[in-house]
Amino acid sequence: MVHSAYDCLQLIPDSNGKIEAIESYGSNLLLGYSDGSLRIYSPETESSDRSKPYVLEKNLVGFTKKPVVSMEVVESRELLLTLSESIAFHRLPSLETIAVITKAKGANVFCWDDRRGFLCFARQKRVCIFRHDGGRGFVEVKELGVPDVVKSMSWCGENICLGIRREYVILNASNGALSEVFTSGRLAPPLVVPLPSGELLLGKENIGVFVDQNGKLIHEGRICWSEAPLEVVIQKPYAIALLPRFVEIRSLRDPYPLIQTIVLRNVRHLCQSNNSVILALDDSIHGLFPVPLGAQIVQLTASGNFEEALSLCKLLPPEDSSLRAAKEGSIHIRYAHYLFDNGSYEEAMEHFLASQVDITYVLSLYPSIILPKTTIVHEPEKLDIDGDTSYLPRVSSGVSDEMEPSLSDENAALESKKTNHNMLMALIKYLQKKRSSFIEKATAEGTEEVVLDAVGNNFASYTRFKKTNKGRGNMSVGSGAREMASILDTALLQALLLTGQSSAALELLRGVNYCDMKICEEIIRKGNLNVALLELYKCNSLHRQALELLHKLVEESRSEQPEIIQRFKPEDIVEYLKPLCGTDPILVLEFSMLVLESCPSQTIELFLSGNIPADMVNSYLKQHSPNMQARYLELMLAMNENAISGNLQNEMVNIYLSEVLDWHADLNAQQNWDEKAYTPTRKKLLSALEGISGYNPEALLKRLPQDALYEERAILLGKMNQHELALSLYVHKLHVPELALSYCDRVYESTHQPSVKYSSNIYLLLLQIFLNPRRTTASFEKRITNLLSQQNSSISRVGAASIKTKGGRGSKKIAEIEGAEDTKVSLSSTHSSKSDGDADEFNEGDSTIMLDEVLDLLSRRWDRINGAQALKLLPRETKLQDLISFIGPLLRKSSEMYRNYSVIKSLRQSENLQVKDELYSQRKAVVKVTSDSMCSLCRKKIGTSVFAVYPNGSTLVHFVCFKDSQNMKAVAKGSQLRKR
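The name given to the protein chain in an unreviewed UniProt entry is Vacuolar sorting protein 39-like, with the source organism recorded as Cicer arietinum. The Subcellular location (unreviewed entry) comment attached to the protein chain in UniProt states, word for word, "Cytoplasm".

A. Seen up close, the overall build of the protein chain. Per the secondary structure count, the protein chain includes 30 helices and 30 strands. Out of the 980 residues in the protein chain, the part that is buried amounts to 44%. The long-range share in the protein chain, meaning contacts at least 24 apart out of those at least 6 apart in sequence, stands at 52%. When the accessible area of the protein chain is evaluated, it comes to approximately 52,900 Å², of which 51% is carbon and sulfur surface.

B. Spatial organisation of helix 24 (residues 761–771). Burial within helix 24 is extensive, with 11 of its 11 residues counted as buried. Residues of helix 24 that are buried: Asn761, Ile762, Tyr763, Leu764, Leu765, Leu766, Leu767, Gln768, Ile769, Phe770 and Leu771.

C. Inspection of the pattern of salt bridges at higher detail. Applying the stated criterion across every chain yields a total of 27 salt bridges. Arg116 is paired through a salt bridge with Asp113; the nearest N and O atoms lie 2.8 Å apart. On the basis of relative accessibility, which here comes to 22%, the residue Arg116 falls in the partly exposed class. When its relative accessible area of 9% is taken as the criterion, Asp113 is described as buried. A salt bridge links Asp489 to Arg435, with the nearest nitrogen and oxygen atoms 2.7 Å apart. Here Asp489, found in helix 8 (residues 480–498), pairs with Arg435, found in helix 6 (residues 409–455); they are 54 residues apart in sequence, far enough to count as distant.

D. Molecular detail of the pairing of strand 26 (residues 269–272). Relative to strand 27 (residues 277–280), strand 26 is paired through 4 bridges, and the arrangement is antiparallel. Looking at strand 27, one finds that Leu270 is bridged to Leu279. Connecting strand 26 to the antiparallel partner strand 27 that follows it, the hairpin turn spans 4 residues.

E. Local environment of the sheet that holds strand 7 (residues 79–83). With antiparallel pairing, 4 strands are arranged side by side in an open sheet as 6-7-8-9. Because the sheet does not close on itself, it has two edges, and the strands there are strand 6 (70–74) and strand 9 (96–101). Mean inter-strand twist for the sheet, computed between neighbouring axes without regard to direction, equals 20°. With 5 bridges joining them, strand 8 (residues 87–91) and strand 9 adopt antiparallel strand pairing. Looking at the pairing, Phe89 lines up with Ala99 of strand 9.

F. Region of interest: the confidence of the model for the protein chain. Looking at the protein chain, pLDDT values average 79 and 82% of them are 70 or higher. Counting contacts from residues 47–51, a segment whose pLDDT is below 50, to residues more than four positions away or on other chains yields 6 contacts. Per-residue pLDDT stays below 50 along residues 457–478; that stretch engages in 41 contacts with residues further than four places along the chain or on separate chains.

G. Fine view of the sheet that holds strand 26. Pairing within the open sheet is antiparallel, and its 4 strands lie in the order 1-28-27-26. One side of each edge strand has no neighbouring strand; the edge strands of this open sheet are strand 1 (6–12) and strand 26. Across the sheet, the mean angle from the axis of one strand to that of its neighbour is 25°, orientation sign disregarded. In the sheet, strand 1 pairs with strand 28 (residues 285–290) via 6 bridges, with the strands oriented antiparallel. If you follow Tyr6 over to strand 28, its bridge partner there is Pro290.

H. Quick look at unusual backbone geometry. Here the residue pair Leu92 and Pro93 is connected by a cis peptide bond, since its omega of 5° sits within 30 degrees of zero. Structurally, Pro93 can be placed in the loop between strand 8 and strand 9. Omega for the peptide link from Asp254 to Pro255 comes to 15°, which places this bond in the cis form. Mapped onto the elements of the fold, Pro255 is located in the loop between strand 24 (247–251) and strand 25 (258–262). Within the chain, Glu205 stands out as a residue other than glycine whose phi angle is a positive 60°.

I. Highlighting helix 16 (residues 614–624). Ala614, Val617, Asn618, Tyr620 and Leu621 are the residues of helix 16 that are buried. Taken end-on, helix 16 shows its buried residues confined to a sector of 165°, consistent with a single buried face.

J. A look at the side chain of His90. Examined against the element boundaries, His90 turns out to sit in strand 8. Judged by relative accessible area, which is 3%, His90 ranks as buried. A distance of 3.1 Å separates polar atoms of two side chains, one belonging to His90 and the other to Thr82. Residues contacting His90, with those up to four places away along its chain left out, are Phe63, Glu78, Leu79, Leu80, Thr82, Leu95, Glu96, Thr97 and Ile98.

K. Spatial organisation of the environment of Tyr576. Looking at where Tyr576 falls in the secondary structure, it is placed in helix 13 (residues 570–577). Those residues in contact with Tyr576, other than ones at most four positions away along the chain, are Lys538, His543, Ala546, Leu547 and Leu550.

L. Region of interest: the nonpolar core. Core analysis: the largest hydrophobic core is formed by 174 residues, its most contacted members being Phe352, Tyr430 and Tyr632. At 10 residues, the largest contribution of residues to this core is made by helix 18 (residues 646–669). Beyond its immediate sequence surroundings of up to four residues, Tyr632 is in contact with Ile604, Phe607, Leu608, Ala614, Val617, Asn618 and Leu621. Judged by nonpolar contacts, the second largest core, of 25 residues, contains Tyr168, Leu201, Val211 and Ala239.

M. Region of interest: the packing of aromatic side chains. A full pass over the atoms with the stated rule returns 17 aromatic pairs. Note on Phe306 and Tyr338: the rings are 5.7 Å apart at their centroids and 45° apart in plane angle, and the pair reads as tilted. With a gap of 32 residues between them, Phe306 in helix 2 (residues 306–313) and Tyr338 in helix 3 (residues 321–341) connect regions that are remote in the sequence. Relative to Phe962, the ring of Tyr950 lies with its centre 5.9 Å away and its plane at 80°, an arrangement referred to as edge-to-face. Residue Tyr950 is found in the loop between strand 29 (947–949) and strand 30 (956–958), and its partner Phe962 is found in helix 30 (residues 959–979); the two are separated by 12 residues along the sequence. Ring pairs connect the aromatic residues Phe89, Trp112 and Phe138, which therefore count as one cluster. Directly above the ring of Tyr33 sits Arg39, whose terminal nitrogen or CZ lies 4.1 Å from the centroid. Over the aromatic face of Phe118 sits the side chain of Arg116, whose NZ or CZ is 4.6 Å from the ring centroid.

N. Expanded view of the packing of helix 1 (residues 293–302) against helix 2. Running from amino to carboxyl end, helix 1 crosses helix 2 at an angle of 165°, the nearest separation of the two axes being 8 Å. Here helix 1 is positioned roughly antiparallel relative to helix 2, judged by the angle of their axes. Judged by the twist between their axes, the crossing of helix 1 over helix 2 is left-handed. Across from Leu293, Gln296, Ile297, Leu300 and Thr301 in helix 1, the residues of helix 2 making contact are Phe306, Glu308, Ala309, Leu312 and Cys313.

O. Structural context of the packing of helix 2 against helix 3. Remark: helix 2 packs on helix 3, axes separated minimally by 10 Å, with the N-to-C direction vectors making an angle of 165°. Classed by the angle they form, the pair helix 2 and helix 3 counts as roughly antiparallel. As for the relative orientation of helix 2 and helix 3, their crossing is left-handed in sense. Residues Phe306, Glu307, Ala309, Leu310 and Cys313 of helix 2 form the contact with helix 3, whose own contacting residues are Arg324, Lys327, Glu328, Ile331, His332, Arg334, Tyr335 and Tyr338. Among the residues forming the contact of helix 2 with helix 3, the class breakdown is 7 nonpolar, 1 polar and 5 charged.

Rules of the game
Residues numbered from 1 in each chain as written. Predicted model: local features only at pLDDT ≥ 70, side-chain atom pairs only at ≥ 80, totals over all residues. Heavy atoms only, no water. UniProt positions renumbered as here; feature names shortened; annotations may be inferred. Helix = DSSP H or I, 4+ residues; strand = E, 2+ residues; numbered from the N terminus. Buried < 20%, exposed > 50% of the residue type's maximum accessible area, 1.4 Å probe, protein only. Contact = heavy atoms within 4.5 Å. Areas by Shrake-Rupley, 256 points an atom, 1.4 Å probe, with all protein chains shown as cover. Salt bridge = Lys/Arg side-chain N within 4 Å of Asp/Glu carboxyl O. Pairing = 2+ DSSP bridges. Axes fitted to C-alpha atoms, helices over the stretch in contact; angles between N-to-C directions. pLDDT = per-residue confidence, 0-100. Arc of directions from axis to C-beta. Polar contact = N/O pair within 3.5 Å; in protein donor to acceptor, adjacent residues only side chain to side chain. Core = buried A, V, L, I, M, F, W, Y, C linked by side-chain atoms within 4.5 Å. Phe/Tyr/Trp six-rings, centres within 6.5 Å; stacked < 30°, edge-to-face > 60°. Lys NZ or Arg CZ within 6 Å of the ring centre and 35° of its normal. Parallel < 35°, antiparallel > 145°, perpendicular 65-115°, else oblique. Left-handed = near helix turned anticlockwise from the far one by under 90°. Nonpolar A, V, L, I, M, F, W, Y, C, P; charged D, E, K, R; others polar.

Pasting the structure below:
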């Protein structure tokens, strides 16, 4: 016997007769005897002794002619059904006979369907169905034939389950169809027991089989009785079976274990009462009264039958929900300790989880797990179960202190390691199941603090909260949920690392976590888990420590040490820095210098994509890595010219110029300087000087040497609108007329707009340079020096004037100063009609005229040069045949333009004539005025008065009315204007 589920008490010691049938009605017992009498026993209300609680209340002698075989009380209809020589219905409680079914004479078994009021009984090989009409009568519904005598029967929904001979069949009550279920065995008669759920329990020898209403097997196990039962009564959570030698009680929970055995001889019948099971012996009555659930739970827990105890806890009444929760929690804890002590770690953790015990209680079983200090005081768990609890193990680890003597030390160590691993794996699953709720509470707590501080305008508290929570694992504030989350995450990380699950540990650190920084850092360092340590620093916002560690790992990876398993690259530092560009640009710049030389492209791309201010990056590069400054500015400019300021453009050009000047100085010292030599840096300088406009050309011009870098000087002079000097350098210093022509093309295309009046003078200027003598270097430098001094003085004067003047006056003066040089060039070129023999102010003796270049320029750019002015500049001895390539297309174009203008003139004259013709036709409109014509304004006849006609040609008005209406409109319009 596992425990006492029922107490057996004698209710009626000696009734002086053989009991054939028993039934319960309320608190009364109805006993049918072999002499046909019916006795009613009721409990004594004054007696508290349950050993003799029932006394005879009424004895109905001759209740039936023959012994009562079976009885059933229908409480919903207040009826008593008795089976004797036939089936009779009696009114309760008076026991008045209201109906006798004579057709049931000789019936041996019946069953009642209380929902529909249907009675089914078996007589020989016939099954009859009657329906109660609600009064005193019964109506026969159907009579069906069966193969043999029915020994047991029960309604199952709309059908009837019959136990016939040695088999069970389902009888369709509608059409009489039979369907076999299975055989009942050879030794025991068939037994059909209805269950409260509507299913059936069918007996097969000593086995009880569960089937549904259609006879299909339910795969939930089978009840194995000690012997074949004669009768079975269901009283949840137990099934009570009457066996030949005793009464057996089993649980209805799989695997249907034996609960209790009650030894009583000569028990003939079982009957279920309101709160007990009645046992009828030959001449006495005993009662099985259930032991209170609380006492049963204590017994089961004390005997170690925790599963059964937990199932009984679910049957506690709803009003005792707190008691039920306490008992279930205590049983789960005891069961978990029992399982943990016996090596079933995962099952133990399931019960710890179900008990809702604090995680610190579970973690106390793992001394190898280090927990952070907490301000939360946890009370020890109270086991709410009476009885001796000294047997509960308080283990600190899953390894026994004493190993079996037969195991060797090596096997013992292996077994200990395996046990520790299983323990930790079970702990990991337990913590992972608890984690989601802990993290949710911790996050909600943090959010609530921020909101409360913000609402209360407690800025200092809010700042303190941000600082203390910058690292998620470091929580100095007294936060219950976050402290518990820290304990859980710290323990979980340790368990994952101890079981070798480094990838899972990384996933934990990469997400939202509350790992304790100090404990986890120490453990990870001991395990030499660098990647995990990086993630720990990162999740706690300790980016400097993380970057220092990452840099150290990159340096170690560069060595050829074979023991290094995972190697790190400089690109890893760049990847780490990307998310920090918006929050800590100074830290990004500091650590990017460490990898700038090894992976320059990725680092500069980091600066560009991270939206770090360009001035900040340039300043930092200039201080710590000057050799990469130009490359950064190049990429910045290539990405977006507008994104780089004028200062940075000037900085980039000066960097290029400094490198070119150093290169020039080295070659000049070696006397190997070649003006037409180009290094990559010089090409970049020339491209930058031409392509960008944010630099200061005057300052750069001062840095150029006097006897070299003429191409750079020409570009700078062009930026200053000193086109004559620039072209002179291309022609007389560089001796590359093509560059001069390209320069003129750029100027022409940039200024060839309708608003620019002298855009073609640039070619005339080049023509003059080709025709004028070569100027000396000294004169060039003298003019450039004078130019720079004039520029500085003019800029200072313009700046002062712009400060003193207001609005349009200042801007007008600035525009006049900027256009002065162009006007000068324009006038000089326009009125230059000197012959080739005239002296020039820059002449130093005779020189050869570049006539071939002049003719080539005229033939290639004839459409951009004023022909008349160009011819005035040419020498008198120039042959007309040499000018055919210039004059020919020029004359053709002039003729074509003349023809086009003539056509346009003719078209405009024709259009003018058409308009005049239309005007004349409109003026020829005829208006017919009759004696009936009315004024549209005053509604009076026109008569012989002066009239006016509106443009539509049909509306006539008096001229006076028309004039008055115009005056009224003018007055109304003036009043509206005054209102505004």
